[in-house]
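Spelled out, the chains give:
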Amino acid sequence: MVIQEDLLINFGADILQLQESEFLFEENARPNYYYQIREGKIKLSNIKPGDGEFIQGIHKEGESVGEVFLFCKHHKYPINAVATEKCTILRLKRAKILKLLKSDFDIQLKFLRICAERTYYSYLLLNSLTSKDAVHQLLTVLNHLKENQQENTARFSYKVPYTRKELSALTGLRIETIIRILKKLQSENEVKIIKGKVYY
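Not measured: the values here are computed from a predicted model.

Student: Looking at this structure, how should I read helix α6 (residues 175–187)?
Tutor: Within an α-helix, residues lying three or four positions from one another point in the same direction, as the helix has 3.6 residues per turn. The first and last C-alpha atoms of α6 sit 19 Å apart over 13 residues, in line with the 18 Å expected at 1.5 Å per residue. For α6, the full list of buried residues reads T177, I178, I181, L182 and L185. Buried positions in α6, seen along its axis, are confined to an arc of 130° and lie on one side of it. Those residues of α6 that are exposed and angled more than 90 degrees off the buried face are R180, K183 and S187. Buried positions along α6 lie against α4 (134–149), α5 (164–171), β9 (192–194) and β10 (197–199). Following α6 by one or two positions, N189 adopts a phi angle in the positive range, close to 60°.

Shown next, in the form of structure tokens:
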């Protein structure tokens, strides 16, 4: 969890309920709130006509969403945040989250560390997207997901929680390419596929 729920509530956070496919915020809207997921999952994505959806991240319970944009000069979201399932979200006004961060240096450091980790992943992803090697693109995403979702890094210990379609949207690759790469990785003993689920 980024910030303790009781602390957010003490600073004036309210609670939002979202249904699946409902927007938390939309591209080009102004970021006026800090959002933290209590329950559910939110995907950050862009929709490009003719190209479909490109998912830039999927955030789950206990994680913040779009917090870095509160500090951007232009103050507009470059992405959409959409519930992938029923969600409960804590929402705190921008001025109040700034006050909260000023009040506790340890929370500031934790907050900055999370922003830094997300920026690091963005650079890794951008670098992999410039590669013509589709296997490298998919492995970059799988490595990041595994590192950030669990402590155990043993081979095949991570059950990938995303569909082939979602992996396609996370990498910018076609679904057919994802399926082909996963079969190749399975033949090379890099992943296991059990009852349709991918283990990395």
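Now that the structure has been shown, the text picks up again.
Student: Sorry if this is basic, but what is going on with the UniProt feature "domain: Cyclic nucleotide-binding" (unreviewed entry) in the chain here?
Tutor: Under the UniProt annotation, "domain: Cyclic nucleotide-binding" (unreviewed entry) lies at residues 18–118. Annotated as residues 18–118, this span is 24% helix and 39% strand, and its ends, taken at the C-alpha atoms, are 24 Å apart.

Student: Whenever I open this one, the sheet that holds strand β1 (residues 14–18) confuses me. Can you help?
Tutor: Paired through backbone hydrogen bonds, the strands of a sheet run either parallel or antiparallel to each other. Spatially, the 4 strands line up as an open sheet ordered β1-β8-β3-β6, and their pairing is antiparallel. Edge strands, defined here as strands with exactly one partner in the open sheet, are β1 and β6 (64–65). In terms of strand pairing, strand β3 (residues 33–39) meets strand β8 (residues 87–93) through 6 bridges, oriented antiparallel. From the neighbouring strand, Y33 faces β8, where its bridge partner is K93. This element, helix α2 (residues 94–103), spans β3 and β8 of the sheet and lies at about 80° to β8.

Definitions and limits used
- Every chain is numbered independently, its residues counted from 1 as its sequence is written.
- Confidence filtering applies because this is a predicted model: local features only for residues at pLDDT of at least 70, side-chain atom pairs given and counted only at 80 or more, and all residues used for totals across whole chains, interfaces and linings.
- With hydrogens and water set aside, each side-chain value is computed from the structure's full complement of heavy atoms.
- Note on conventions: DSSP H or I runs of at least 4 residues are helices, E runs of at least 2 residues are strands, and numbering of each starts at the N terminus.
- In this analysis, the expected span of each helix is defined as 1.5 Å times one less than the number of residues it contains.
- Partly exposed residues are those whose accessible area sits between 20% and 50% of the maximum for their type, while under 20% is buried and over 50% is exposed, using a 1.4 Å probe and protein chains only.
- What the arc describes is the spread of directions from the helix axis to the C-beta atoms.
- Any pair of residues with heavy atoms lying within 4.5 Å of one another is described as a contacting pair.
- UniProt positions are given in the numbering used here, feature names are shortened, and annotations may be inferred rather than shown by experiment.
- A strand pair is defined by DSSP finding two or more bridges across the two strands.
- Throughout, an axis means a line fitted to C-alpha atoms (over the contacting stretch in the case of helices), and angles, computed between N-to-C directions, take values from 0 to 180 degrees.

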